[in-house]
Amino acid sequence: MLGPILAMVLSAGGSADALAQVQVKNVSIHVPASWNRTEQEGTQKFMAPSGDAYFLVDVGAVQTAGMKAQTCVDKIVAAIGGKGWERLKVGAHPAAKRQETDVAPDGSGAVDSVTYVGCDGKTTWSVIFYLEQKKKERFAPLAQKVGASVKIQRTGGK
């Protein structure tokens, strides 16, 4: 008897952000299952049904053979502004994270962006999460879950 009630409570409380694994090229990532997914010029965009947040996922290939993963991340970070980055590991590989606040393009308020970048020496990836600052309490934990869920898949195993 408790099982169905618990299932109903859990699905009612967290279904909007229930995560599902998706594949973007050779990268797997956990995204909110109810969010709308579109693609433009190779970039995957995931939009919250409310329109209050979205994130972009890009996956590319390292152009220099034999580059070390940490060197790759250092080059990405330097290319997109080297200050304010927190170094971490995502999917067992070097990565970096930066949070910034900007004014919305329409001037309607503050927008937070949370950027994750990573590399394994062969594949580069980025996840850039945009959310209205007044919705930070709701979406910031989700941005962290999505950004930390990236895993590079290799053919013939992991």
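For the structure, see preceding data.
This one's a predicted model, so the numbers in the text were calculated from it and none came from an experiment.

### Things to note about helix α3 (residues 136-148)
Counted at 1.5 Å a residue, the expected span for α3 with its 13 residues is 18 Å, and the 17 Å between its end C-alpha atoms agrees. Residues of α3 that are buried sit in contact with β1 (19-24), β2 (27-32), β5 (53-61), β6 (86-90), β8 (110-119) and β9 (123-132).

### Some points on the sheet that holds β2
Overall, antiparallel pairing links the three strands, which are arranged β1-β2-β10 in an open sheet. One side of each edge strand has no neighbouring strand; the edge strands of this open sheet are β1 and β10 (151-152). Packing of α3 onto the sheet brings it into contact with β1 and β2, and relative to β2 it is tilted by some 160°.

### Here we look at the packing of aromatic side chains
Scanning all chains against the criterion turns up six aromatic pairs. Between tryptophan 35 and phenylalanine 129, the ring centres sit 5.8 Å apart and the planes meet at 50°, which makes this aromatic pair tilted. Of the two residues, tryptophan 35 sits in the loop between β2 and β3 (36-40) while phenylalanine 129 sits in strand β9, which places them 94 residues apart along the sequence. Comparing tryptophan 35 with phenylalanine 129 shows no difference in burial state: the two are buried. Measuring from ring centre to ring centre gives 5.2 Å for phenylalanine 55 and phenylalanine 129, while their planes differ by 10°; the resulting arrangement is stacked. One end of the pair, phenylalanine 55, is in strand β5; the other, phenylalanine 129, is in strand β9, with 74 residues separating them in the sequence.

### Concerning the sheet that holds β5
On the basis of which strands lie adjacent, the open sheet formed by seven strands has the order β3-β4-β5-β9-β8-β7-β6 and antiparallel pairing. The open sheet has two edge strands with one neighbour each: β3 and β6. Strand-to-strand twist across the sheet, computed as the mean angle between neighbouring axes with direction ignored, equals 20°. For strand β4 (residues 43-47) and β5, the ladder comprises four bridges, and the chain directions are antiparallel. Along β5, the bridge assignment pairs methionine 47 with tyrosine 54. Across the sheet, α3 touches β5, β6, β7 (93-103), β8 and β9, and the angle it forms with β9 is around 175°.

Conventions adopted
- Starting afresh in each chain, residues are numbered from 1 along the sequence in its written order.
- It should be noted that, the model being predicted, local features are given only for residues of pLDDT at least 70 and side-chain atom pairs only at 80 or more, the latter also being counted only at that level, while totals for whole chains, interfaces and linings use all residues.
- The side-chain numbers reported here are obtained from all heavy atoms of the structure, hydrogens and water having been left aside.
- Secondary structure elements are defined from DSSP: runs of H or I of at least 4 residues count as helices, runs of E of at least 2 residues count as strands, and each element is numbered from the N terminus.
- Take the number of residues in a helix, subtract one, and multiply by 1.5 Å to get its expected span.
- Every residue pair with non-hydrogen atoms within 4.5 Å of one another is taken to be in contact.
- For two strands to count as paired, DSSP must find a minimum of two bridges between them.
- An axis is simply a line fitted to the C-alpha atoms; with a helix, the fit covers only the stretch in contact. Between two such axes, the angle follows the N-to-C directions and lies from 0 to 180 degrees.
- Aromatic rings from Phe, Tyr and Trp, taking only the six-membered ring of Trp, are treated as a pair when their centres fall within 6.5 Å; an angle between ring planes under 30 degrees marks them as stacked, one over 60 as edge-to-face, and anything in between as tilted.
- Only protein chains enter the area calculation, which uses a 1.4 Å probe; residues under 20% of their type maximum are buried, those over 50% are exposed, and those in between are partly exposed.

That is the geometry; function is a separate question.
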